[in-house]
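Each chain is listed here by its residues.
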Amino acid sequence: MENNTKKVRNIGISAHIDSGKTTLTERILFYTKKIHAIHDVKGKDGIGATMDSMELEKERGITIASAATFCKWQGHEINIIDTPGHVDFTIEVERSLRVLDGAILVLCSVGGVQSQSITVDQQMKRYKVPCLAFINKCDRIGANPLRVINQLKEKLGHNAVAMQIPVGLEADLTGIVDLVIMKAIYFDGDNGENVRIEDIPDNLINEALKKREELIDAASMFSDELMEAALEDQVTEDLLISAVRSGTLARELTPVFMGSAYKNKGIQPLLDAVTNLLPCPSDVENEALDKEDNEKSVILSNSPDDDLVAFAFKLEDGQYGQLTYIRVYQGTLAKGMTMVNVRNGKKFKVGRVARMHADQMEDIDKIDAGYIGALFGIECASGDTFASLGTGLTMTSMFVPEPVISLAIVPKDNKSQINMSKALGRFTREDPTFRTHVSDETKETIIEGMGELHLEVYVERMRREYTAEVSTGKPRVAYRETITRKAEFNYIHKKQTGGAGQFGRVAGYIEPVAEEEFVFENKITGGAIPTQFISSCEKGFKQSLAKGPKMGFPVTGVKIVIDDGASHAVDSSEMAFQAAARGAFKEGYAKAGPVIHEPIMKVVVETPTEFQGAVMGSLNQRRGMIVGSQDEGPMCSIESRIPLAEMFGYSTVLRSLTQGKAQFTMEFNTYKKVPQQIMEELVEKAREEKKNVA
Amino acid sequence: MLRKLIRDTKDSTQTNINFNSTQAKIFHLKERSFRMLKNDLILRNPLRLMGYKAEEILTPGGFGAVLARAGVGKTSFLVQLSLNSLLKNRNVLHISLNDPVNKVNLWYKEVLSRIAEQYNIQQTDRLIETILPHRFIMTFRVEGFSVPKLEERLSDLTEQNIFSPQMLIIDGLPFDESIYEPLTQIKTLAQKNSLYVWFTMRTHRDEAMGPDGIPTRLIKVADLFEVVIQLQPKGKEIHVKALKGEGADSDHPSLLLDPATMLIKDQPNK
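Residues numbered from 1 in each chain as written. Chains lettered and ligands numbered in written order. Predicted model: local features only at pLDDT ≥ 70, side-chain atom pairs only at ≥ 80, totals over all residues.

A. Inspection of the overall build of chain A at higher detail. What chain A contains, in helices and strands, is 16 helices and 38 strands. For chain A, the proportion of its 694 residues judged to be buried stands at 50%. Contacts in chain A between residues far apart in sequence, at least 24 positions, make up 71% of those at least 6 positions apart. (Helix = DSSP H or I, 4+ residues; strand = E, 2+ residues; numbered from the N terminus. Buried ≥ 20, exposed ≤ 12 C-beta atoms within 10 Å, placed from the backbone. Contact = placed C-beta atoms within 7 Å.)

Printed below as a string of structure tokens:
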């Protein structure tokens, strides 16, 4: 393994689903000679693209898990993380971006900037990942890369500038014009592997000159040298590239490349751009928190000689045990060394170290700072930090959203039961947005996640990878309970029948509070409740929150103030006050106008305009509130707020309404009160379920 | 006084009051104060403050325009007019040819939060909740906008009972030489559906003006408008002046907009 981080690029390929990023990765691997044949996603040869390593992904034609792989181009080592495009799997995208230094934002030249591109772009902004854009599918009917560049500017606010223009479009796409070297580039051979550089065709010279001027104008904002050279008409290739690089690294300029991965056009220049324009690990400043110094932030040195700091960004269970994908930020992770998992303080010895290529691997001796690799047989969770002994540095934790949907699963037989728990153990370690627990009432296993598809994919994976046959219940929405007004309570818990007695009185009030889950305030004066029992009271109230008295959903947005009470010298105990607090909560809660809240999702549908009416109708039927519609030429996007409970099965409905031409994204927006009629239905349903359980 | 009452009732414990009348009714104080708050905001609507007595200064199918140079506050002014209708539970279709849906949405939030700040209102979230179902934002690109297209979209909404607007706000329509035809088409549409329509109209610094202050390039279409209001920056203030319609000839003093908030300034004599 070479050790020159200047020649390392850790990049991600992020984009809207179906914009062709897996195909693009496949082509990159082919041209960098990592693979020797090209297999298309959903291809007729049945092999599928190399990066889609999971069987399920091959079948659905989507990429779920981000497979890390590395390749070499022009003396540079490129580590690629193929990121998923569906919104349900954004935790994967987020994790990938956390460890990347740069990214290629793939856009479809027909679909342009779609809502998922906006989500991905926001994530890149959050992690300050510099990116370049690749407008793919220029061979498709309706391709218009210039429109996409405008969308990049208007919709995403990028300072996008074309680095190339296409030679021909749609079926006539034959190559591209490079605006830096001012030559036309064609891609010959069966797989476009032979690059032929020629003069720009006469009909494109004027446009190329105009676009080059625009490029120089934009780039000269980042280089005085280029500005001067431009004034004297002496712009050199190096000057121009270095100025574009400065703008890109500062995230103030987005160079735009184009081509068609499927038709093998424009990939090699894109690889050149990755090496020329995207940052190497030492260009990026990474921070860690020092656990031993009050979590003070520390800038990591990126030097292979310093103490080790490495980040486990992805886990996978393979045939050899657990595989942990790792990014080393500082120091060197070598075979046989001892390191510590900073989260739990566990020490362990590094066994096998490998470099991954989709689902194949290559054994190596060490991973240097700036590189991505994989470890075998290490027990850890994703998001853990590994460090040298005595180093308390931990990488900042990632933003993990709360799950909004749950599903009961029941194994078909004993064998499935065992496999299911193995699978669940692994999935929860791999994906922090996927959670599981056993229901107290029904004793069923409940899985929770970020959307219907999210859970569906895990159930499928249980079946395929673990042969765990499970039957699923209906998806359940994560409802919550809260109160609407202030109410007082004054509750005495008294039990004096045989044995040690119990006594405690708790009085005060309960009121709604915004933006906080639970607030507890002690206003007791004069020792009405002895100090040692105050925490028992708080504990008692907290216990009550887990299961609301109204419907059994978790209670949030509640402030409890206790201002009076009474105790007994002998009979008062921690238990007695916990019980008194639970009773007090029940008493106050009933008077405080309890209501049920449900998760409301922000749903954005992108559809050809001819289906706009039908789509709006379908959203409206789902208790949805349409915020607005945005006309964007042949496509339009409709933004709405819809209760999650109404969104089950919407993808099928949308597909049949729009001949499969529309797509939608869904993300959690807020919690809102459930309308009275729906609440009654819920109460009725809960009652019936209780009856069934009994 | 009214606002003090609202604040007092909000702070007090929520109780039910049982009026001993022949028909006993229960009023929730919180609800009542919220209704009062809405009414208070309606009373502060810029047009009413300009001296218009009627609730709607336009007749059904009528056009109104807000005229100003770029960046003076046309959109903000129209959003205030729109909010006034929304507070009265009237449906407003806001059409923007400049901004995406999110930005228009932001305009509303921004104006509402400024109003909330100015009048010390604490229930903005709830206010937004109540007005949202009455608002629909539709955005087009300028080059892609046409009246038949708008009609098609509108029928998508009305035929499925998704949304039936009573007021139309059209922001960003370019008033150039070719405006006469689309305007007459919109007029027909507005009359057919009894819509009140407000436009923003951008003027230019060195533009030739007619005697009534309306730009000469618009004289041909001026007859279509019942009300024309001009926003004019003078020093540190923005004057709101009626060029056409009720109040145009009256001695009613022109209103002032605070350029920082784009809201009508509280004037001591009001």
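Now that the structure has been shown, we can carry on.
B. Region of the structure containing unusual backbone geometry. In this structure, Gln74 of chain A takes a positive phi of about 50° despite not being glycine. Despite not being glycine, Ser194 of chain B has its phi angle at roughly 50°, a positive value. Positionally, Ser194 of chain B belongs in the loop between α8 (180-193) and β7 (196-203). A tally of 11 C-beta atoms within 10 Å means that Ser194 of chain B is categorised as exposed.

C. Structural detail: the packing of helix α4 (residues 74-87) of chain B against helix α5 (residues 101-118) of chain B. Residue and element names in this part refer to chain B. Contact pair α4 / α5: the axes reach a minimum separation of 10 Å and the direction vectors enclose 75°. If you check the angle between α4 and α5, you find them roughly perpendicular. Contacts between α4 and α5 involve Thr75, Ser76, Val79, Gln80 and Leu83 on the former and, on the latter, Trp107, Tyr108, Val111 and Leu112. Looking at the contact of α4 with α5 residue by residue, the classes come out as 6 nonpolar, 3 polar and no charged. (Axes fitted to C-alpha atoms, helices over the stretch in contact; angles between N-to-C directions. Parallel < 35°, antiparallel > 145°, perpendicular 65-115°, else oblique. Nonpolar A, V, L, I, M, F, W, Y, C, P; charged D, E, K, R; others polar.)

D. Summary view of the sheet that holds strand β32 (residues 502-512) of chain A. Residues and elements named next belong to chain A. The 4 strands lie next to each other as β31-β32-β34-β33, forming an open sheet whose pairing is mixed. Taken across any chain shown, the strands that pair with only one partner, and hence form the sheet edges, are β31 (487-495) and β33 (518-522). The mean angle between the axes of side-by-side strands here comes to 25°, regardless of whether they run parallel or antiparallel. Note that β32 and strand β34 (residues 558-566) share 8 bridges and pair antiparallel. Across the sheet, residue Glu511 finds its bridge partner in β34, namely Lys559. Its contacts with the sheet place helix α12 (residues 534-545) against β32, β33 and β34, and it is angled at close to 155° to β33. Packed onto the sheet, helix α13 (residues 574-591) meets β31 and β32 and runs at close to 35° relative to β32. (Pairing = 2+ DSSP bridges.)

E. Quick peek at the environment of Gly112 of chain A. Residue and element names in this part refer to chain A. Locating Gly112 in the fold gives a position in the loop between β4 (102-108) and α4 (115-126). C-alpha of Gly112 to C-alpha of Ile149: the two residues are 37 residues apart in sequence and 8.5 Å apart in space. Setting aside residues no more than four positions away along its own chain, Gly112 makes contact with Leu107, Arg147, Val148 and Gln151.

F. Structural detail: the interface of chain A and chain B. Taken together, the contact pairs 16 residues of chain A with 19 residues of chain B. The greatest single-element share of the side of chain A that touches chain B, amounting to 7 residues, is contributed by strand β36 (residues 625-632) of chain A.

G. Up close: the environment of Ala408 of chain A. Residue and element names in this part refer to chain A. For Ala408, the location among the structural elements is in strand β25 (residues 405-411). Separated by 65 residues in sequence, Ala408 and Gly473 have C-alpha atoms that sit 5.0 Å apart. In this structure Ala408 touches Thr442, Glu444, Ile446, Thr472 and Gly473, once residues within four positions along its chain are discounted.

H. Spatial organisation of the pairing of strand β4 (residues 92-96) of chain B. Residue and element names in this part refer to chain B. A large share of β4 lies buried, amounting to 5 of its 5 residues. Side chains of β4 alternate between two faces, with Val92, His94 and Ser96 and Leu93 and Ile95 buried alike. Bridge count for β4 against strand β5 (residues 135-139) is 5 bridges, and the pairing is parallel. Within the sheet, the bridge partner assigned to His94 lies in β5 and is Ile137.

I. Quick peek at helix α8 (residues 237-249) of chain A. Residue and element names in this part refer to chain A. Between its first and last C-alpha atoms α8 spans 18 Å; for 13 residues at 1.5 Å apiece the expected length is 18 Å, and the two agree. Every buried residue of α8 is listed here: Leu239, Leu240, Ile241, Ala243, Val244, Arg245, Gly247 and Thr248. The elements touched by buried residues of α8 are β5 (131-136), α6 (202-219), α7 (224-231), β11 (254-258) and α9 (267-277). Arg251 sits one or two residues past α8 and shows a positive phi near 60°. (Expected span 1.5 Å × (residues − 1).)

J. Here's a closer look at the nonpolar core. In this structure, Ala133, Leu240, Val256 and Ile326 of chain A are the most contacted members of the largest nonpolar core, which totals 112 residues. Beyond its immediate sequence surroundings of up to four residues, Ala133 of chain A is in contact with Leu105, Leu107, Leu152, Ala160, Thr254, Val256 and Phe257 of chain A. By size, the runner-up hydrophobic cluster in this structure holds 100 residues, among which are Ile409, Val470 and Ile626 of chain A together with Phe225 of chain B. (Core = buried A, V, L, I, M, F, W, Y, C linked by C-beta atoms within 7 Å.)

K. Spotlight on the confidence of the model for chain B. Residues and elements named next belong to chain B. Mean pLDDT for chain B: 75, with 73% of residues reaching 70 or above. Throughout residues 1-23 the model reports pLDDT below 50, and contacts reaching past four residues in sequence, or to other chains, amount to 26 contacts. Scoring of the predicted complex yields 0.62 for pTM and 0.75 for ipTM. (pLDDT = per-residue confidence, 0-100.)

L. Up close: the sheet that holds strand β13 (residues 296-299) of chain A. Residue and element names in this part refer to chain A. Strand order across the open sheet formed by 3 strands is β13-β12-β24, with antiparallel pairing between neighbours. A strand with exactly one partner marks an edge of an open sheet, and here the two such strands are β13 and β24 (393-395). Here the average twist between neighbouring strands, direction ignored, is 45°.

M. Up close: the packing of helix α10 (residues 414-430) of chain A against helix α11 (residues 452-466) of chain A. Residues and elements named next belong to chain A. Where α10 meets α11, the axes come as close as 10 Å, and the angle between the chain directions of the two elements is 125°. Taken together, the axes of α10 and α11 lie oblique to each other. Handedness of the crossing formed by α10 with α11: right-handed. Residue-level inspection shows Asn419, Met420, Lys422, Ala423 and Phe427 of α10 in contact with α11, the latter providing Tyr458, Met462 and Tyr466. For the contact of α10 with α11, the class distribution of residues is 6 nonpolar, 1 polar and 1 charged. (Left-handed = near helix turned anticlockwise from the far one by under 90°.)

N. Representation of the environment of Val683 of chain A. All names here are of chain A. Structurally, Val683 can be placed in helix α16 (residues 676-693). Note on Val683: 13 C-beta atoms within 10 Å, which makes it partly exposed. The sequence separation of Val683 and Met551 amounts to 132 residues, and the corresponding C-alpha distance is 6.9 Å.

O. Looking closely at the confidence of the model for chain A. All names here are of chain A. For chain A, per-residue confidence averages 81 on the pLDDT scale, and residues scoring 70 or more make up 88% of the total. Ranking the helices and strands of chain A by mean pLDDT puts β11 first, with 92, and helix α2 (residues 55-60) last, with 51. Every residue in residues 60-66 is under pLDDT 50, and counting partners more than four places away or in other chains gives 29 contacts.

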